[in-house]
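If you want the building blocks of each chain, they are given just below.
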Amino acid sequence: MTTANQQVQAKYKNNFLKEVEANIEDGHMVKMCMQCGVCAGSCPLGPAWEHSPQKIFMMIRAGKREEVLSSDSMWMCTSCYNCIVRCPRKLPITHIMHGLANYSHRLGLAPQGQPTREIAKLFWNNIIKTGRVNELTFSLAMYFKDGFAQGIKNAMAMQGVGLGLVKAKRLNPMEILGGHSCSDKSGIHKMIAKAREIEDRRKGFAQ
C-alpha cells in the first residue's frame with residue numbers, strides 16, 4: 001500500500017523540468033534562477049505579463065507543465081535583452097522564453113489568437129517564400145488576418161502612413177507582384193526543410 005509520504009513524493013516528482021532541459025535551448029539553466037525578480041522589474045512590458053520570467057521558471061520547477069505551455073507570457077518578449085544584461089546570474093532569459101514559446105507552438109499548446117504569436121507566424125510564412133520579407137504583402141496579411149471587412153478598416157485607417165512610406169520610397173506598391181527575393185530560393189527551401197528534419201529528429205517530433 002502506498003504511504004502518504006510516497007504519494008506526496010509522486011505528486012511533486014517533476015518531469016517537466018527534465019522535459020524543458022531536453023527540449024529548450026539553455027533550458028538546463030532554469031534551475032539556476034534565484035527568484036530575485038530583476039528580470040520582471042527590468043522588462044518594459046513587465047506590468048502586462050501574466051507570468052513574469054521568474055514566475056515561469058518557478059512554475060517549471062514546480063511541474064506546472066500545462067500552465068506554462070499555455071501561457072501567453074513567452075509571446076510578450078520583445079527581445080530587448082534587459083533581463084539578460086541585469087540578471088545577477090547572467091541567465092539567457094530571452095533565449096529560454098523564446099524557446100518555450102516555440103516549443104509550446106510545436107506541441108499545439110500555445111494560446112490561440114495571441115497577437116505576437118499571430119504576427120510571428122505571418123512573418124515566418126512571408127519570409128520563407130523568397131528568403132526576404134515582402135513588406136507590402138506582410139502588411140496586408142496583418143491587416144486582413146481578422147477577416148476582409150476588418151482588413152478594409154485597418155487599411156483605410158493606415159492609408160496616410162502607407163502613402164507617406166510610398167512617397168519616402170520606403171514601400172514599393174509593385175512588391176505585390178513578388179518584390180525582392182534571394183537568388184537561390186530553392187536552396188533556402190532545402191535549408192529550411194533540412195533544419196526542420198534535424199530539429200524534429202532531435203526533439204522526437206518525427207512522425
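Each chain has its residues counted from 1, following the order in which its sequence is written. At least 70 in pLDDT is required for a residue's local features to be given in this predicted model, at least 80 for side-chain atom pairs to be given and counted, and no such filter applies to totals for whole chains, interfaces and linings, which use all residues. Hydrogens and water molecules were not included; the side-chain quantities draw on all heavy atoms of the structure.

Centre distance and the angle of the planes are the two values used to describe a pair of aromatic rings. Aromatic rings from Phe, Tyr and Trp, with only the six-membered ring used for Trp, were paired whenever their centres fell within 6.5 Å, and each pair was classed as stacked if the ring planes differed by under 30 degrees, edge-to-face if by over 60, and tilted otherwise. Counting across every chain of the model gives two aromatic pairs. Relative to Phe-138, the ring of Phe-123 has its centre 5.7 Å away and its plane inclined at 85°; by these criteria the two rings are edge-to-face. Placement of Phe-123 in helix H8 (residues 115–130) and of Phe-138 in helix H9 (residues 135–143) is noted, with a sequence separation of 15 residues between them. Only protein chains enter the accessibility calculation, which uses a 1.4 Å probe. A residue is then buried if its area is under 20% of the maximum for its type, exposed if over 50%, and partly exposed in between. According to the relative accessible area criterion, Phe-123 is partly exposed, its value standing at 37%. Both rings, one in Phe-144 and one in Phe-148, keep their centres 5.9 Å apart while their planes meet at 35°; by these two values the pair is tilted. Its guanidinium or amino end placed over the ring of Trp-75, Arg-117 lies 6.0 Å from that ring's centre, counting from NZ or CZ. Runs of E in the DSSP output that reach at least two residues are strands. Runs of H or I that reach at least four are helices, and both are numbered from the N terminus. Think of it as a cone above the ring: NZ of Lys or CZ of Arg counts as a charge over the ring if it is within 6 Å of the ring centre and within 35 degrees of the ring normal.

On to the packing of H8 against H9. Following both chains from N to C, one finds H8 and H9 inclined at 145°, their axes separated by 10 Å at the closest point. Note that H8 runs across H9; the crossing there is right-handed. Each of Ile-119, Leu-122, Phe-123 and Asn-126 in H8 lies in contact with H9, whose residues at this interface are Thr-137, Phe-138, Ala-141 and Met-142. Gly is put with the polar residues, along with every residue not named as nonpolar or charged; the nonpolar set is Ala, Val, Leu, Ile, Met, Phe, Trp, Tyr, Cys and Pro, and the charged set is Asp, Glu, Lys and Arg. Of the residues contributing to the contact of H8 with H9, the split by class is six nonpolar, two polar and no charged. Inter-axis angles, ranging from 0 to 180 degrees, are taken between N-to-C directions of lines fitted to C-alpha atoms, where helices are fitted over the stretch in contact. Rotating anticlockwise by less than a right angle from the far helix to the near helix defines a left-handed crossing, while the corresponding clockwise rotation defines a right-handed one. For this analysis, residues touch if any pair of their heavy atoms sits within 4.5 Å.

A word on unusual backbone geometry. The backbone of Ser-79 sits at a positive phi, close to 60°, despite the residue not being glycine. Residue classification places Ser-79 among the partly exposed positions, given a relative accessible area of 29%. Although it is not a glycine, Tyr-81 adopts a positive phi angle of roughly 70°. By relative accessible area, which is 36% here, Tyr-81 ends up partly exposed.

Taken by themselves, the reported measurements are silent on function.
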